[in-house]
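Tertiary structure, described
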Amino acid sequence: MKPGFWCAAAFALVGTLGWQSVNVAAITNPPVRIAGLDAHDNSASASLLGQFRTNISAWLWVHADLYLHNGVHMRPITDGESKAGVSVEDAAKDGKEKLHEESLVTVVPPANRDFRGIFGDVERSVSSWQDMHQHAHNEPEQCLPMYRLMTWLDPQFIEGWTTGAMVFARDRSPGGTNRSMEFLNEGLRANPDSVDLLTELGYMTYTRKKAPLDAIPWLEKARDLGFSHRDTLPENERSALENTYRWLALCYRDTDQPNEVRRVTTEGLKVFSDDKVLDSLLRHAGEKGGNGATVAEGLRTGN
């Protein structure tokens, strides 16, 4: 037979097998609790194919971040630098600064805190380094294909889902909100125990759809999952849990349920004792017929 026949037959076979493989995806690639890029680097149990996929998604993540920051390598500021008074290189208030919640500094330090002297000057002159105080971002929508691809390659990469959804949500029309929530729901199907994804869905429902009652089930599920795993949550999920308590308390406040506000804020302050938002919400709930101020003071002093 002609070579073209065998080529067409091979493609048909691959297509058939690929279609049928969807049915076994849940067994061969089960959801795994992952702590962002640290898990990409350190997961000893990953298969060779899994390592390839997660390494590619991490590579895409890094390059998306480089594009957003005009080619300048950035990193979160350390606790030691923060205590030493190192100046944070915050983004300009242009609507794109919410793409990263953490405080950032450049990987290559500025001259005033670079001990390398002339060697540091050389690196800054030959690299893409620049003073990033009040820095601007490139258009994040250009990175949407990267977020789409990294989540296809590694469905357990939570940051890919949440950041991609944030980019979709920059379009504040109902269409942009719906696309953002569809993306988050797709991520949740692959990661049903993610506090971060559940919280983002609750946040979008509350703030964009203006439906606090509809947001409560998302946030209650996130609270229940997060509180039960509070001692083992990775950093991004623990940070999401703190936001869960805040948004959930606000939803109960806006639906005139002060007893629920007190319940949620009291529990939240047991986990995040220094959270001023929860403290304030508890005190205001006390003004509606409870002892919120007394409870808040007791939690602070440990009594």
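Residues numbered from 1 in each chain as written. Predicted model: local features only at pLDDT ≥ 70, side-chain atom pairs only at ≥ 80, totals over all residues. Heavy atoms only, no water.

**Considering the overall build of the chain**
Condition: To qualify as a helix, a DSSP run of H or I must reach at least 4 residues; to qualify as a strand, a run of E must reach at least 2; elements of each kind are numbered from the N terminus. When a residue's accessible area, from a 1.4 Å probe over protein chains only, is under 20% of the maximum for its type it is buried; when over 50% it is exposed; and in between it is partly exposed. Contacts are residue-level and defined by heavy atoms, with any inter-residue pair within 4.5 Å sufficient. Note on areas: Shrake-Rupley with a 1.4 Å probe; residue coverage comes only from the protein chains shown.
Of the regular secondary structure elements, the chain holds 15 helices and two strands. Every one of the 303 residues in the chain was classed for burial, and the buried ones make up 41%. Sequence-distant contacts in the chain: of pairs separated by 6 or more residues, those separated by 24 or more amount to 64%. Surface summary for the chain: the accessible area is close to 17,200 Å², and the carbon and sulfur share equals 58%.

**Let's talk about the packing of helix α9 (residues 174-190) against helix α10 (residues 195-207)**
The condition that has to hold: In this description, a line fitted to the C-alpha atoms serves as the axis of each element, helices being fitted only across the stretch in contact, and the angle between N-to-C directions of two axes falls anywhere from 0 to 180 degrees. An angle below 35 degrees is treated as roughly parallel, one above 145 as roughly antiparallel, one from 65 to 115 as roughly perpendicular, and anything else as oblique. Rotating anticlockwise by less than a right angle from the far helix to the near helix defines a left-handed crossing, while the corresponding clockwise rotation defines a right-handed one. For this classification, the nonpolar set comprises Ala, Val, Leu, Ile, Met, Phe, Trp, Tyr, Cys and Pro, the charged set comprises Asp, Glu, Lys and Arg, and every other residue, Gly included, is treated as polar.
Running from N to C, α9 and α10 point in directions that differ by 160°, and their axes come no closer than 9 Å. Viewed along their axes, α9 and α10 adopt a mutual orientation that is roughly antiparallel. Along this stretch, α9 crosses α10, giving a crossing that reads as left-handed. Facing α9, whose interface residues are T177, S180, M181, L184, N185, G187 and L188, α10 presents L197, L198, E200, L201, M204 and T205. Considering only residue class, the contact of α9 with α10 consists of seven nonpolar, five polar and one charged.

**Digging into the environment of A211**
With respect to the helices and strands, A211 occurs in the loop between α10 and α11 (212-228). For A211 and T255, which are 44 residues apart along the polypeptide, the C-alpha to C-alpha distance reads 9.7 Å. The contact partners of A211, leaving out residues within four places of it in the chain, are T205 and Y206.

**Describing helix α12 (residues 235-254)**
Defined as follows: In this analysis, the expected span of each helix is defined as 1.5 Å times one less than the number of residues it contains.
The end-to-end C-alpha distance of α12, which contains 20 residues, comes to 29 Å, matching closely the 28 Å that a straight helix rising 1.5 Å per residue would cover. Along α12, the residues that are buried comprise N236, E237, A240, L241, T244, Y245, L248, A249, L250, C251 and Y252. Among the structural elements, α8 (158-168), α10, α11, α13 (258-271) and α14 (276-286) are those in contact with the buried residues of α12. Once α12 finishes, D256 follows within two positions and takes phi at roughly 55°, a positive value.

**Here we look at the confidence of the model for the chain**
The condition that has to hold: pLDDT measures the predictor's confidence residue by residue and takes values from 0 up to 100.
Looking at the chain as a whole, the pLDDT averages 76, with 63% of positions reaching at least 70. Residue range residues 16-46 is modelled with pLDDT below 50. Its contacts to residues more than four positions away, or to other chains, number 32 contacts.

**Some thoughts on the packing of aromatic side chains**
Short version of the rule: Here is the rule: rings of Phe, Tyr and Trp (six-membered ring for Trp) pair when centre to centre is within 6.5 Å. Planes less than 30 degrees apart are stacked, more than 60 are edge-to-face, and the remainder are tilted.
Counted by the stated rule, this structure contains five aromatic pairs. A centroid spacing of 4.9 Å and a plane angle of 55° characterise the contact between W161 and F183, whose relative ring orientation is tilted. With W161 in helix α8 and F183 in helix α9, this pair connects stretches of sequence that are 22 residues apart. There is no split in this pair, since W161 and F183 are both buried. An angle of 55° between the planes, with centres 4.9 Å apart, marks the rings of Y203 and W247 as tilted. Within this pair, whereas Y203 is found in helix α10, its partner W247 is found in helix α12, the two being separated by 44 residues in sequence.

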